[in-house]
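Analysis of the macromolecular model
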Amino acid sequence: MITHYEDARPGLKPEKMFIKFGALILFIAAVYSQTNINGFCGFQVIETNPGYSKIYFLDFNEDGYEDILLFGAEDKRVTIHFGNKKGEFSEPIKKYFYFPFINIKKFGKIYNNQVYLLISRKERLAALISFTKYGTVQLLNKHAFDSYPTSLSVADIEDDGNMEALIAG
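Nothing here was measured: the structure is a model prediction, and the numbers come from that model.

Rules used in this analysis
- Residues numbered from 1 in each chain as written.
- Predicted model: local features only at pLDDT ≥ 70, side-chain atom pairs only at ≥ 80, totals over all residues.
- Heavy atoms only, no water.
- Pairing = 2+ DSSP bridges.
- Helix = DSSP H or I, 4+ residues; strand = E, 2+ residues; numbered from the N terminus.
- Axes fitted to C-alpha atoms, helices over the stretch in contact; angles between N-to-C directions.
- Patch = residues over 30% accessible without salt bridge, like charges linked within 9 Å, V, L, I, M, F, W, Y side chains within 5 Å.
- Areas by Shrake-Rupley, 256 points an atom, 1.4 Å probe, with all protein chains shown as cover.
- Salt bridge = Lys/Arg side-chain N within 4 Å of Asp/Glu carboxyl O.
- Buried < 20%, exposed > 50% of the residue type's maximum accessible area, 1.4 Å probe, protein only.
- Phe/Tyr/Trp six-rings, centres within 6.5 Å; stacked < 30°, edge-to-face > 60°.

A few words on the sheet that holds strand 8 (residues 137-144). Pairing in this open sheet of four strands is antiparallel, and the strands run 5-6-7-8 from one edge to the other. In this open sheet, the two edge strands, each paired with only one partner strand, are strand 5 (103-110) and strand 8. Taken over all neighbouring pairs, the strand axes of this sheet differ in orientation by 25° on average, direction set aside. Here strand 6 (residues 113-120) pairs with strand 7 (residues 125-131) via six bridges, running antiparallel. Pairing of L118 across the sheet is with A127, part of strand 7.

Here we take up a nonpolar patch on the surface. Side chains of I110, Y111 and L140 sit close together on the surface and give an oily, nonpolar patch of about 370 Å² of accessible area. Residue placement: I110 occurs in strand 5. A residue is classified by how much of its surface remains accessible, and I110, at 36% relative accessible area, is partly exposed.

In this sheet, strand 8 lies alongside strand 7 in antiparallel orientation, the contact comprising seven bridges. Bridge pairing links A126 to H143 in strand 8. What sits between the antiparallel neighbours strand 7 and strand 8 is a turn of five residues, in which G135 has the positive phi angle 90°.

With that out of the way, let us pick up the environment of G161. Tracing the backbone through its elements, the reader meets G161 in the loop between strand 9 (151-155) and strand 10 (164-168). In this structure G161 comes out as exposed when scored by relative accessible area, which is 60%. On a C-alpha basis, the gap between G161 and G108 in space is 9.2 Å, while along the polypeptide they are 53 residues apart.

Turning our attention to the sheet that holds strand 1 (residues 54-58). The four strands lie next to each other as 1-2-3-4, forming an open sheet whose pairing is antiparallel. Of all strands in the sheet, those with a lone pairing partner are strand 1 and strand 4 (93-96), marking the two edges. Recorded for the sheet is a direction-independent mean angle of 30° between the axes of neighbouring strands. Bridging between strand 1 and strand 2 (residues 67-71) involves five bridges; their strand directions are antiparallel. By the bridge assignment, K54 is partnered in strand 2 with F71.

Counted according to the given criterion, the structure contains nine aromatic pairs. With a centroid separation of 4.4 Å and an interplanar angle of 20°, the aromatic rings of F71 and F101 are classed as stacked. Of the two residues, F71 sits in strand 2 while F101 sits in the loop between strand 4 and strand 5, which places them 30 residues apart along the sequence. With respect to burial, F71 and F101 carry one shared label: buried. Ring centres of F97 and F101 lie 4.7 Å apart, and the angle between their planes is 45°; this geometry places the pair in the tilted category. One exposure class covers both F97 and F101, and it is buried.

So, in structure tokens, the structure goes:
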């Protein structure tokens, strides 16, 4: 009788490997990341326009309810969903934007209006914007770069109440 050495054990037989792999796939398909228990960890499906790769939550109309901004690095349009007090969101609203952007951050308030800083890799610039209560974009200022910005961080580094931005790329 010929036996294998300890280091030369044969692998799983294809039938057993297929059965174990199939059972694993079926088990994963039946498990959800959140289980709704009396409303806790509930989720809501929101019908929206396709083609966006990024999502950002902000309060456009400053009504105290988060709104959704969908955007992508290749499109000059954004999609907005307004939030309401029931925790639901409006139908998608497409808005024109000046240029495609890849990142956006809250930057503080100017004259009691919330302003945001964003970067556009395609246009090689950073811009300071605000939104009207209807979600229309107002371009306040922009700065062009010789490089392609990819990272944006915003913080009050000097602890003086003024936000500073770090743009790298």
